[in-house]
Amino acid sequence: MIYVLEDDRSIRELLVYALGQGGFAAEGFEKPSQLDKAMKEEMCELLILDIMLPEEDGLHILKRLRRADDTAKLPIILLTAKDTEYDKVIGLDAGADDYVSKPFGMMELVSRVRALLRRTKGDEPEEEEEYSVGDLHLSVRRHIVTAAGREVQLTMREYKLLECMMKNKGVVFTRDSLLSRVWGYEFDGESRTVDVHIRTLRQKLGECEKYIETVRGMGYKVTDQE
């Protein structure tokens, strides 16, 4: 079940219809209080969350969900009418896994939903996998990242980006290749989304951000050369 929290009735109904046509069970809500009640009765697999809402701001809801144990890793796509890089960074830093700016194409949104669910289902490895670069460590099975001895809380996208690069230390990934590997579909347009996620990832890693190197004109890599 996918929940849609959007106060605009026409957009909400269109989203629910498009998700239904894409093979997903979906339910829409106008107010945060309605969503909270539904979540107590049945937890959703993914949430599409608008920012501008009555009762409670969408970013506040996002932070609240990330603090709760049962929704800390819930896949969340942020829906916003704002289209500045700053607003996207704020949403990603608050814990969103992806974002869609209005106006948007329904086929693109359904593709993002499908890709996000695919990345969050059935990905648990059978054996322990540990990767380290200097004092930056990543445990695949435990889904834990530590930087200089401090556990770091990452969104799913940030974690997948770091995992991809740490598994292939020294390999330079273009933005398009990271979009394909991490987002799981051909991303047409905003390749800057990788830059935004890398920026928030570096901020969270603190002094260990030095291990993520920008290769000018190409992309990014993880290296142990300081």
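A few points on the structure. Everything quoted here is computed from the prediction, not taken from an experiment.

## What to know about the sheet that holds strand β5 (residues 98–101)
1) Next: Spatially, 5 strands are ordered β2-β1-β3-β4-β5 in an open sheet, and the strand pairing comes out parallel. Lying at the two open borders of the sheet, with one neighbouring strand each, are β2 (26–29) and β5. Strand-to-strand twist in this sheet, taken as the mean axis angle between neighbours without regard to direction, amounts to 20°.
2) Next: Across 4 bridges, the pairing between strand β1 (residues 2–5) and β2 is parallel. Each bridged residue has a counterpart across the sheet, and for valine 4 the counterpart in β2 is glycine 28.

## What to know about the packing of helix α6 (residues 156–167) against helix α8 (residues 192–205)
1) Next: Running from N to C, α6 and α8 point in directions that differ by 85°, and their axes come no closer than 10 Å. As the angle between them shows, α6 and α8 are arranged roughly perpendicular. Together, Arg157, Glu158, Leu161, Leu162 and Met165 of α6 and His197, Ile198, Thr200, Leu201, Lys204 and Leu205 of α8 make up the contact between the two elements.
2) Next: Taken together, the residues of the contact of α6 with α8 break down into 6 nonpolar, 2 polar and 3 charged.

## A word on the pattern of salt bridges
1) Next: This model, assessed by the stated rule, comprises 14 salt bridges.
2) Next: When the shortest N-O distance is used, the salt bridge between glutamate 56 and arginine 64 registers 3.0 Å.
3) Next: Glutamate 56 gets classed as buried once you look at its relative accessible area, which sits at 16%.
4) Next: With a closest N to O distance of 3.2 Å, arginine 112 and aspartate 98 form a salt bridge. You can see arginine 112 sitting in helix α5 (residues 106–120) and its partner aspartate 98 sitting in strand β5, a full 14 residues away along the chain. Accessibility classification places arginine 112 together with aspartate 98 in one group, the buried group.

Procedures and definitions
- Residues numbered from 1 in each chain as written.
- Predicted model: local features only at pLDDT ≥ 70, side-chain atom pairs only at ≥ 80, totals over all residues.
- Heavy atoms only, no water.
- Pairing = 2+ DSSP bridges.
- Helix = DSSP H or I, 4+ residues; strand = E, 2+ residues; numbered from the N terminus.
- Axes fitted to C-alpha atoms, helices over the stretch in contact; angles between N-to-C directions.
- Parallel < 35°, antiparallel > 145°, perpendicular 65-115°, else oblique.
- Contact = heavy atoms within 4.5 Å.
- Nonpolar A, V, L, I, M, F, W, Y, C, P; charged D, E, K, R; others polar.
- Salt bridge = Lys/Arg side-chain N within 4 Å of Asp/Glu carboxyl O.
- Buried < 20%, exposed > 50% of the residue type's maximum accessible area, 1.4 Å probe, protein only.

Note that all results are geometric; they support no functional claim without further evidence.
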